[in-house]
Amino acid sequence: MTRPAGACGEQRAAAAHSCRQRRGRDDRSNRSLNAEGVEIANTTRNAINLRGWTLRDSDGNRYRFDNVRLGGHDTIRIHTGNGCDTRTDLFQDRRDYVWDNRSETATLRDDRGHTVDTGSWGRH
């Protein structure tokens, strides 16, 4: 989704979410935890620093971004389990699932708490 330009005429950010469904059994293994996640795509041509931004699910689980730069037209995946962060993959280091298989809403907020985008899947 693209958001309208900000008050100063610049676009604060544009992002889209898409759920990657869990693969295989929900056995709480790190592999299974990392098969679920959310992708955030920067749909602008300008880089965005996500420092202080948050990603939340409908139950209030929150992931706060550190100093993460998302280049123009780049996508980053946020996995639930443990792993080593890279330029394209971040890990929440959780030991339990966050994203519901049946229905869920992911909300991305900027460092001021303003909702930048939401993405939902399943029945609500």
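Residues numbered from 1 in each chain as written. Predicted model: local features only at pLDDT ≥ 70, side-chain atom pairs only at ≥ 80, totals over all residues. Heavy atoms only, no water.

1. Here we look at the overall build of the protein chain
Tallying secondary structure elements over the protein chain gives one helix and ten strands in all. Across the protein chain, helices and strands are ordered from the amino to the carboxyl terminus as β-α-β-β-β-β-β-β-β-β-β. Classification of the 124 residues of the protein chain by burial places 41% in the buried group. When contacts within the protein chain are restricted to residue pairs at least 6 apart in sequence, long-range pairs at least 24 apart make up 51% of them. In the structure as shown, the protein chain presents an accessible area of about 7400 Å², 41% of it carried by carbon and sulfur atoms. (Helix = DSSP H or I, 4+ residues; strand = E, 2+ residues; numbered from the N terminus. Buried < 20%, exposed > 50% of the residue type's maximum accessible area, 1.4 Å probe, protein only. Contact = heavy atoms within 4.5 Å. Areas by Shrake-Rupley, 256 points an atom, 1.4 Å probe, with all protein chains shown as cover.)

2. A few points about the nonpolar core
Buried together is how nonpolar side chains tend to be arranged in soluble globular proteins. Among the nonpolar cores identified, the biggest contains 19 residues, and Leu55, Phe65 and Ile78 are the most heavily contacted of them. When residues of this core are traced back to their parent elements, those giving at least two are strand S2 (37-42), strand S7 (75-79), strand S9 (103-109) and strand S10 (115-122). (Core = buried A, V, L, I, M, F, W, Y, C linked by side-chain atoms within 4.5 Å.)

3. Details of the confidence of the model for the protein chain
For the protein chain, the mean per-residue pLDDT works out to 82, and 79% of the residues sit at or above 70. pLDDT under 50 marks residues 1-12. Its contacts with residues more than four places away, or in other chains, come to 24 contacts. (pLDDT = per-residue confidence, 0-100.)

4. A short note on the pattern of salt bridges
Per the stated rule, a full pass over the model turns up three salt bridges. Between Arg28 and Asp96 there is a salt bridge, and its shortest N-O distance comes to 3.1 Å. Residue Arg28 is located in the loop between strand S1 (15-20) and helix H1 (30-35), and its partner Asp96 is located in the loop between strand S8 (89-91) and S9; the two are separated by 68 residues in the primary sequence. Salt-bridge contacts for Asp89 lead to Arg77; the nearest nitrogen and oxygen are separated by 2.9 Å. In this pair, Asp89 is assigned in strand S8 and Arg77 in strand S7, connecting sequence segments twelve residues apart. With a relative accessible area of 13%, Asp89 lands in the buried category. (Salt bridge = Lys/Arg side-chain N within 4 Å of Asp/Glu carboxyl O.)

5. Some thoughts on the pairing of S2
Successive residues of a regular strand alternate their side chains across the two faces of the sheet. For S2, a buried count of five out of six residues is recorded, marking the element as mostly surrounded by other parts of the structure. Two strands pair when backbone bridges link them, and S2 and S7 are joined in this way by five bridges, in the antiparallel orientation. The residue of S7 that forms the bridge with Ala41 is Thr75. (Pairing = 2+ DSSP bridges.)

6. As for the environment of Arg123
Note on placement: Arg123 falls in the segment after S10. Sequence separation between Arg123 and Arg102 is 21 residues, and the spatial gap between their C-alpha atoms is 7.1 Å. When residues no more than four places from it in sequence are discounted, the contact partners of Arg123 are Arg102 and Ser103.

7. What about the sheet that holds strand S5 (residues 62-64)?
The four strands lie next to each other as S5-S4-S9-S10, forming an open sheet whose pairing is antiparallel. The sheet terminates laterally at S5 and S10, the two strands that pair on one side only. Direction aside, neighbouring strands of the sheet carry axes that sit 15° apart on average. Bridge count between S9 and S10: seven bridges; the pairing is antiparallel. Residue Ala106 lies in a different strand from S10, and its bridge partner there is Gly119. (Axes fitted to C-alpha atoms, helices over the stretch in contact; angles between N-to-C directions.)

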